[in-house]
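A closer look at the structure
Next come the chains, spelled out residue by residue.
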Amino acid sequence: MSAIPVTPTAPAPVRRPGMLVAAVGVVVVTALAAIVNGILIATGGKELVRDLLVQAGMPESVTEADLDAFAQLAGEGSFDEIISTFTTRGYLALGAGAAMLIFGLLMMKAATWTRVLVTISAVFAMIFSLVILGDETTTTMAGLAMLAILGAIVSIIFTWLPPIGRYGKALKA
């Protein structure tokens, strides 16, 4: 018998599933929507709140004293407290979007810990966007909040699809 040399075959490289690329794309778009919305709200300040009040029916010639009186009638204390509330909502949306962006980009290797953190940050982005959507809002803020909510739902679904889990396990092995 002749000896045929047996060469060990290298394992086939694991291909990144297209669903993972789609999931990361959805996460990034959703995160950017939340970040832009947070920046718009956090930097809007008095002008944003004044615009919202004018949309609600207040005259455009409202003075600072009138706004403080309106805030006291609404039970907020002062106009600055209303602005502080809006700014805080903006920072919360911005923070959730930034976390989602970071963890979404780290999800390219489909590690379980990144998928868990994407899910958690997507839930927070969804909650903060619901708060923004449920309150006085401009058309731009409402559109970005809706995009963030729908994107967060799709992100959570895509993140836990079986091909992504199989890819993560194959890379781990």
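Here we summarise the structure given alongside this text. Keep in mind it's a predicted model, so treat the numbers as computed, not measured.

Right, let's get into the overall build of the protein chain. If you tally the helices and strands in the protein chain, you get six helices and zero strands. Its helices and strands taken in sequence order, the protein chain reads α-α-α-α-α-α from the N to the C terminus. In terms of overall size, the protein chain is more extended than a compact globule, its C-alpha atoms giving a radius of gyration of 24 Å where 173 residues would be expected to give roughly 16 Å. Each principal axis of the C-alpha atoms in the protein chain carries an extent, and together these give about 105 × 20 × 20 Å.

On to the side chain of threonine 87. Position of threonine 87 relative to the elements: it lies in helix α3 (residues 79–106). Of the polar contacts made by the side chain of threonine 87, one reaches the backbone oxygen of isoleucine 83; its length is 2.8 Å.

On to unusual backbone geometry, then. In this structure, alanine 110 takes a positive phi of about 60° despite not being glycine. Structurally, alanine 110 is set in the loop between α3 and α4 (112–134). On the basis of relative accessible area, alanine 110 is assigned to the buried category, the value being 2%.

This part is about the packing of aromatic side chains. What the rule picks out here adds up to one aromatic pair. Measuring from ring centre to ring centre gives 6.0 Å for phenylalanine 124 and phenylalanine 128, while their planes differ by 20°; the resulting arrangement is stacked. Of this pair, phenylalanine 124 and phenylalanine 128 both sit in helix α4, four residues apart, roughly one helical turn. Above the ring of phenylalanine 86, the side-chain terminus of arginine 89 is found at 5.8 Å from the ring centroid.

Another point: the pattern of salt bridges. If you walk through the whole model with that rule in mind, you get one salt bridge. For arginine 89, the salt bridge is made with aspartate 135, and the minimal N-O distance between the two is 2.1 Å. With arginine 89 in helix α3 and aspartate 135 in the loop between α4 and α5 (139–159), this residue pair connects regions lying 46 residues apart in the sequence. Residue class for arginine 89 comes out partly exposed when judged on its relative accessible area of 22%.

Calculation notes
- Residues numbered from 1 in each chain as written.
- Predicted model: local features only at pLDDT ≥ 70, side-chain atom pairs only at ≥ 80, totals over all residues.
- Heavy atoms only, no water.
- Helix = DSSP H or I, 4+ residues; strand = E, 2+ residues; numbered from the N terminus.
- Rg over C-alpha atoms; globule rule 2.2 N^0.38 Å.
- Polar contact = N/O pair within 3.5 Å; in protein donor to acceptor, adjacent residues only side chain to side chain.
- Buried < 20%, exposed > 50% of the residue type's maximum accessible area, 1.4 Å probe, protein only.
- Phe/Tyr/Trp six-rings, centres within 6.5 Å; stacked < 30°, edge-to-face > 60°.
- Lys NZ or Arg CZ within 6 Å of the ring centre and 35° of its normal.
- Salt bridge = Lys/Arg side-chain N within 4 Å of Asp/Glu carboxyl O.

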